[in-house]
Amino acid sequence: MNHPLNPTWNLEPIFAGGSTSEQLQVFLGKLTQDIDRLTSELKQLSAPQQVEETQPFDTLLEQLQDTRIRLREAGSFASCLTAQDQGDKQATRLSAALSDLSANLQALFVQFQSVLLDTPDEVFADWMKRPEVAPIAFYLNEIRSVAGEKMSPELESLALGLAVDGYHGWSDFYDTIVSHVRIPFEQNGETVMLSAGQAANKMSDPDRNLREEMFQKWEDAWTGVEDFCADTLNHIGGFRLKLYDRRGWDNVLKEPLAINRMSEQTLNTMWDVIVKNKPVFVSYLERKAEVLGVERLSWNDVDAPIGNVDSKVSYDDAADLIVEQFRKFNPEMADFATQAFEKRWIEAEDRAGKRPGGFCTSLPLSKETRIFMTYSGTASNVSTLAHELGHGYHQHVMNDLPAFSQQYAMNVAETASTFAEMIVADSLVKEAKTEEEKLSLLEDKIQRSIAFFMNIHARFLFETRFYEQRRSGMVGSEELSRLMEEAQREAFCDTLASYHPHFWASKLHFYKTGVPFYNFPYTFGYLFSTGIYAMAQREGAGFAAKYDALLQDTGRMTVEELAQKHLGVDLTQPEFWQGAVDVGIADVKLFLEMTASYARS
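Residues numbered from 1 in each chain as written. Predicted model: local features only at pLDDT ≥ 70, side-chain atom pairs only at ≥ 80, totals over all residues. Heavy atoms only, no water.

### Comments concerning the overall build of the protein chain
Looking only at helices and strands, the protein chain has 23 helices and five strands in total. Here the C-alpha atoms of the protein chain give a radius of gyration of 24 Å, agreeing with the 25 Å that 2.2 N^0.38 yields for 601 residues. Along the longest, intermediate and shortest principal axes, the C-alpha atoms of the protein chain span 80 × 55 × 50 Å. Taking all 601 residues of the protein chain together, the buried fraction comes to 57%. Sequence separation of at least 24 residues holds for 76% of the intrachain contacts in the protein chain that already meet a minimum separation of 6. Charged side chains of the protein chain number 57 positive and 88 negative; the gap between the two group centres comes to 1 Å. (Helix = DSSP H or I, 4+ residues; strand = E, 2+ residues; numbered from the N terminus. Rg over C-alpha atoms; globule rule 2.2 N^0.38 Å. Buried < 20%, exposed > 50% of the residue type's maximum accessible area, 1.4 Å probe, protein only. Contact = heavy atoms within 4.5 Å. Lys, Arg positive; Asp, Glu negative; His and termini not counted. Charge placed at Lys NZ, Arg CZ, Asp CG, Glu CD.)

### Considering the pairing of strand β5 (residues 368-372)
Burial analysis of β5 places five of its five residues in the buried class, the great majority of the element. The two faces of β5 match: E368, R370 and F372 on one face and T369 and I371 on the other face are all buried. Where strand β3 (residues 346-347) meets β5, two bridges bridge the pair, whose relative direction is parallel. Note on β5: the bridge partner recorded for I346 is I371. (Pairing = 2+ DSSP bridges.)

### A closer look at the nonpolar core
Nonpolar side chains in soluble globular proteins tend to end up buried together. If you look at the biggest cluster of nonpolar residues, it comprises 144 residues, and the most contacted ones within it are L389 and W504. For this core, the element with the highest residue contribution is helix α17 (residues 435-470), accounting for 15 residues. In this structure, W504 is in contact with E226, C229, A230, L233, F462, S477, L480, S481, M484, F510 and Y511, ignoring residues within four places of it in sequence. Counting 46 residues, the second largest nonpolar core, distinct from the first, contains C80, L105, V115 and L363. (Core = buried A, V, L, I, M, F, W, Y, C linked by side-chain atoms within 4.5 Å.)

### Considering the sheet that holds strand β4 (residues 359-363)
Strands sit in the order β3-β5-β4 across an open sheet of three strands; the sheet is mixed. Two strands close off the open sheet at either side, each with one partner strand: β3 and β4. Each of β4 and β5 is contacted by helix α2 (residues 57-84), which is oriented at about 145 degrees to β4, the strand it contacts most. Packed on one face of the sheet, helix α15 (residues 379-398) meets β3, β4 and β5 and runs near 20 degrees to β4. (Axes fitted to C-alpha atoms, helices over the stretch in contact; angles between N-to-C directions.)

### Remarks on the state of the cysteines
Counted under the stated rule, the structure contains zero disulfides. Looking at C360, it has no disulfide partner, and the nearest cysteine sulfur is the one in C80, 9.2 Å off. (Disulfide = S-S within 2.5 Å.)

### What about the environment of A425?
Note that A425 resides in helix α16 (residues 410-430). Among the residues examined, A425 registers a relative accessible area of 7% and is labelled buried. Taking the C-alpha atoms as reference, A425 lies 40 Å from D231; in sequence the two are 194 residues apart. The residues touching A425, leaving out its near neighbours within four places in the chain, are K445 and R448.

Okay, structure coming up:
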């Protein structure tokens, strides 16, 4: 790989000129015209009553897929612009314009769904068997089924239009709140104001005093904007509940489960297995407290590194490390990562003005990827980098599929990312040169299990209970903090000395309107990928092709079907989940053995 690497991404090949791109304006103008034209043409078409009448829809299906691909391209570009510079007002206006365009396209799809729904069952079944349609039949069956459980097309279109400045508007407002959060930090004798993203990185610093100081400032900062966050969260939740009520849905999990193509039985089985095994992970938390020399871990100790190993890894070294480990599993995966680093598909620079967190966004028209994060050299940053590259590789293997077959859900997206993360983490532990280094890397690996089994579980419990209360009216900021701490205590088995009451305010995921319940899919992805990784270890080099085939099917079957076809397992039963949890338990047992000298008598 060519060095030194540039840690800032290059957006010019997508649309030259950034948020003022003339090329983008022309692109959006043509896209707007095409959506308007398709909307008009679709109004002239009636639902086919015989299979012969389905042929005129072939061109329409191609055009619908094309418009979706182009809108995803523009949407991904806009997301990059707003993330790299929260002060870019033109990018914010661009995102708003794209929200309007997205609502128009969704309304077009509602209209199309109505045509599918009005097609007689036997005609629809024969239609799906036609060679031109069969590759996207799963998606068409899915949206037809969903249409039958929603309001009339007219009301659904109205709701989509109102959501732009209502539902999604509140989500956008949260981004505005975050952009104004500034946290003071003493650096070289001067006080500098850190963005939320920069401050978050400081809270995983090896220096416990620094972590404690930053965490208190972090809590103070979010307390200062809690009322704005509470209003925002309540309005997002209220919109969802009112919409669900009009559709006749009484289970707030109905939509997120459908989006993630999984059954509630699978979800419950997964959580049940995790809860059953939590005592093992509590023993890890208790031992970590002993290693750190404290009675009980505080919230900001949970993710803290242990040992004296220098945890700072340069961006170039992280890139080499990730590519090397990917290559051991799958050369194509390594080649993809190399391309991402060398072609500057990654924004990793540690600077003010960026939004917090990390993401990977796909550009299906360009067949490229862009990854966003703030890299400061921690082991956690290396993991995040591998994680986001896993997302990118997932899209990479799907680029040549029809657009409707690329519509994979968040839970399987998180499978690809955490699998990539695991490749790097597991290899590093096995290849550690000293016991101290091995312990540090092992502990960093176990932190993922804690995050997905406890932290994410707390988010799921909080959000479930928030919606229960929101049905009765607005939930105030104090009550939100109480619900959050209550959920954290339960999820962590009340093991910690302190908690993070304002986590509900600081966590972007609660405010995402694209995917409700932006939590349990992470845990699913982590455990599903862990089970897959265990199989990969048993089967060796030949598993890479099987893994690619599994990823390619993620947009055209349920997760239960996916697991049965490629792994031969039943996700509604506890055996697979227990096997995956056992991988994390083995890590904890090794950690306890290696730290036995710290155990109190």
